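Okay, here's what each chain looks like letter by letter:
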Amino acid sequence: IFPAVPEKYNSHNKLEDVCFSDEEHFNDVIYIKGMKNLSARLIKLEQEFSHKLLYFEDIVSKIFSQVLYECARNIHNEIHNSNREISKIVIEYINENFDKPLSNKYIGQEFNLHPNYVSGLVKAATGMPMHQYLITIRISNSVDMLNTKRYTINEIAKRCGFCDIYHYSKTFKKIMGVSPSMYL
């Protein structure tokens, strides 16, 4: 924790280097939004440590634990919010590009993300694996196209990203319970 005024920092007060194994984010420099919430605790911590009154070690330990827990919560909230934003962008991309041959690998390359991470983001956001979500979007759009009666089933299959009419019909029937031609 870097002090607000670097001149007040005294490296001789540093007791030891600590490496966290359970909360690895603490091993890097962290920025805490809303630091004002922790300021009072940190001041109390410094006062207890400086004055060394009765039971100061227990009090310092408790205050420091509270600070660490709040920092950990803050870090996890930031990561969660960041994941939510990324997943929102990925879902939007899938919804706009459902007609393309999408995969976790392809989307990962588009957004510079690991394919497994893409899969996890989509599953967390939709409750479905990415492949299943993509099929759901494709079938939903195909139903809209079928309802307009402007396209043939073959055109709809191609416009919705299916490799051929056979795969489209099989998938449609599995999800909708009837074939595309019967749906009309």
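Residues numbered from 1 in each chain as written. Predicted model: local features only at pLDDT ≥ 70, side-chain atom pairs only at ≥ 80, totals over all residues. Heavy atoms only, no water.

Undergrad: Describe helix α5 (residues 130–148), and please don't skip the residues or the numbers.
TA: If you check α5, its first and last C-alpha atoms are 27 Å apart, about what 19 residues at 1.5 Å a residue would give, namely 27 Å. Contacts made by the buried residues of α5 are with α2 (56–96), α3 (104–111), α4 (115–126), α6 (153–159), α7 (165–176) and α8 (180–183). Directly beyond the C-terminal end of α5, a positive phi value near 60° is found at K149. (Helix = DSSP H or I, 4+ residues; strand = E, 2+ residues; numbered from the N terminus. Expected span 1.5 Å × (residues − 1). Contact = heavy atoms within 4.5 Å.)

Undergrad: Describe the pattern of salt bridges, naming the residues involved and giving the relevant values.
TA: The full count for this structure, using the stated rule, is two salt bridges. R41 serves as the salt-bridge partner of E70, at 2.4 Å between the closest nitrogen and oxygen. Of this pair, E70 sits in helix α2 while R41 sits in helix α1 (residues 36–51), and the two are 29 residues apart along the sequence. Residue class for E70 comes out partly exposed when judged on its relative accessible area of 27%. Note on R41: relative accessible area 29%, which makes it partly exposed. The partner of K44 in a salt bridge is E48, and the shortest N-O contact between them spans 3.0 Å. (Salt bridge = Lys/Arg side-chain N within 4 Å of Asp/Glu carboxyl O. Buried < 20%, exposed > 50% of the residue type's maximum accessible area, 1.4 Å probe, protein only.)

Undergrad: Explain the packing of aromatic side chains to me, and be specific about the residues and the numbers.
TA: Taken as a whole, this structure holds five aromatic pairs when the rule is applied. Ring centres of F162 and Y168 lie 5.1 Å apart, and the angle between their planes is 55°; this geometry places the pair in the tilted category. In this structure, F162 and Y168 share a single accessibility class: buried. Chaining the aromatic ring pairs together yields one cluster made of F162, Y168, F172 and Y183. If you follow K52 out to its NZ or CZ, it ends over the ring of F49, 4.1 Å from the centre. (Phe/Tyr/Trp six-rings, centres within 6.5 Å; stacked < 30°, edge-to-face > 60°. Lys NZ or Arg CZ within 6 Å of the ring centre and 35° of its normal.)

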